[in-house]
Amino acid sequence: HEGAMLQSTLVGLTNLTFTMLGMFLIDKVGRRKLLIIGAVGMFISLSLVAYGFFIGKFQGYYMLFCIMGYIAFFAISLGAVIWVLIAEVFPNSVREKGQKFGSMTHWTWDALLTWFFPLFLSIGGGYIFSFFAIIAIGSLAFAIKLPETKGKSLEQIQAELTK
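What counts and how
Residues numbered from 1 in each chain as written. Predicted model: local features only at pLDDT ≥ 70, side-chain atom pairs only at ≥ 80, totals over all residues. Heavy atoms only, no water. Patch = residues over 30% accessible without salt bridge, like charges linked within 9 Å, V, L, I, M, F, W, Y side chains within 5 Å. Areas by Shrake-Rupley, 256 points an atom, 1.4 Å probe, with all protein chains shown as cover. Salt bridge = Lys/Arg side-chain N within 4 Å of Asp/Glu carboxyl O. Helix = DSSP H or I, 4+ residues; strand = E, 2+ residues; numbered from the N terminus. Buried < 20%, exposed > 50% of the residue type's maximum accessible area, 1.4 Å probe, protein only. Phe/Tyr/Trp six-rings, centres within 6.5 Å; stacked < 30°, edge-to-face > 60°. Contact = heavy atoms within 4.5 Å. Core = buried A, V, L, I, M, F, W, Y, C linked by side-chain atoms within 4.5 Å. 1 Å grid on protein atoms, 1.4 Å probe; cavity = no way out; pocket = protein on both sides within 12 Å on 5 of 7 lines; lining within 4 Å. Points joined across faces, edges and corners; volume = space filled by probe spheres on them. Nonpolar A, V, L, I, M, F, W, Y, C, P; charged D, E, K, R; others polar.

K.L.:
Before we go on, may I ask you to explain a nonpolar patch on the surface in this structure?
P.N.:
Taken together, Val40, Phe43, Ile44, Leu48 and Ile137 make up a surface patch of nonpolar side chains, about 370 Å² in accessible area. Looking at the nonpolar patch element by element, the count peaks at four residues for helix α2 (residues 31–55). The exposure class of Phe43 is partly exposed, given its relative accessible area of 31%.

This is the structure we're talking about:
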């Protein structure tokens, strides 16, 4: 269907555009601020998706705009920042292993979510997207506690994280 292809293209273009924007902003705005902005935006977007499922609002562009909002906030924050952050937060002695672990964890959870999403959706889209919105609040709590690493040397970051 042409509509599905257009929607998929719009979501992909949103992801590309906001990932590039996130990469541009990461050293200007800072990792922590991008993560906070992203978490709030993801929470709002996912809550709106959940609401759409609860009221059966599948017609028109409502869900597409909500999903595009989520993708934009994810791409500008977690999608771009996490790869820089995992390179910065581990001490030199374990940085390689830490990055491998972070990457493996990311892709493992991504694969599990993809495989089990149809099962989760059978529980009810409103419930699963509400759960995802709560997870976004968890990422907000993490971002608030995270020290800013922008403009700091790896040694300064390590000293701050070990306090």
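K.L.:
Where do I start with the pattern of salt bridges in this structure?
P.N.:
Close approach of charged atoms lets side chains of opposite charge pair. By the definition in use, this model includes three salt bridges. When the shortest N-O distance is used, the salt bridge between Arg31 and Asp27 registers 2.8 Å. Through salt bridges with shared partners, a single network forms among Asp27, Arg31 and Glu88.

K.L.:
Looking at this structure, I do not really get the packing of aromatic side chains. What am I missing?
P.N.:
Given two aromatic rings, one states the distance between the centres and the angle between the planes to describe the pair. This structure, assessed with the given rule, holds ten aromatic pairs. On the basis of an interplanar angle of 85° and a centroid distance of 5.2 Å, the ring pair of Phe54 and Tyr127 is categorised as edge-to-face. Residue Phe54 is found in helix α2, and its partner Tyr127 is found in helix α6 (residues 125–145); the two are separated by 73 residues along the sequence. The partly exposed category is assigned to Phe54, whose relative accessible area is 47%. Accessibility expressed as a relative area gives 57% for Tyr127, which makes it exposed.

K.L.:
How do you make sense of the side chain of Ser45 when you look at a structure like this?
P.N.:
Structurally, Ser45 is set in helix α2. The buried category is assigned to Ser45, whose relative accessible area is 6%. Those residues in contact with Ser45, other than ones at most four positions away along the chain, are Cys66, Gly69, Tyr70 and Phe73.

K.L.:
Whenever I open this one, the environment of Phe58 confuses me. Can you help?
P.N.:
Locating Phe58 in the fold gives a position in the loop between α2 and α3 (62–76). Given a relative accessible area of 46%, Phe58 falls into the partly exposed group.

K.L.:
It is not clear to me how the nonpolar core should be interpreted in this structure. Could you clarify?
P.N.:
Counting twelve residues, the largest nonpolar core is built from Met42, Leu46, Val49, Ala50, Tyr62, Met63, Cys66, Ile128, Phe129, Phe132, Ala133 and Ala136. Within the residue set of this core, elements represented by two or more residues are α2, α3 and α6. Considering each element in turn, this core owes the most residues, five residues, to α6. Sequence-distant contacts of Leu46, defined by excluding residues within four places in its chain, comprise Tyr70, Phe129, Phe132, Ala133 and Ala136. Core analysis: the second largest hydrophobic core is formed by nine residues, Ile26, Leu34, Val81 and Leu85 among them.

K.L.:
It is not clear to me how the layout of surface pockets should be interpreted in this structure. Could you clarify?
P.N.:
Sizing a probe to match a water molecule and rolling it over the atoms shows the empty space that remains. The calculated volume of the largest pocket comes to roughly 1800 Å³. Lining of the largest pocket is provided by 43 residues; of these, Tyr70, Phe74, Leu78, His106 and Leu113 occupy positions nearest its centre. Broken down by secondary-structure element, the contributors of at least two residues to the lining of the largest pocket are α1 (2–29), α2, α3, α4 (78–88), α5 (95–123) and α6. Of the residues assigned to the lining of the largest pocket, the class counts are 34 nonpolar, eight polar and one charged.

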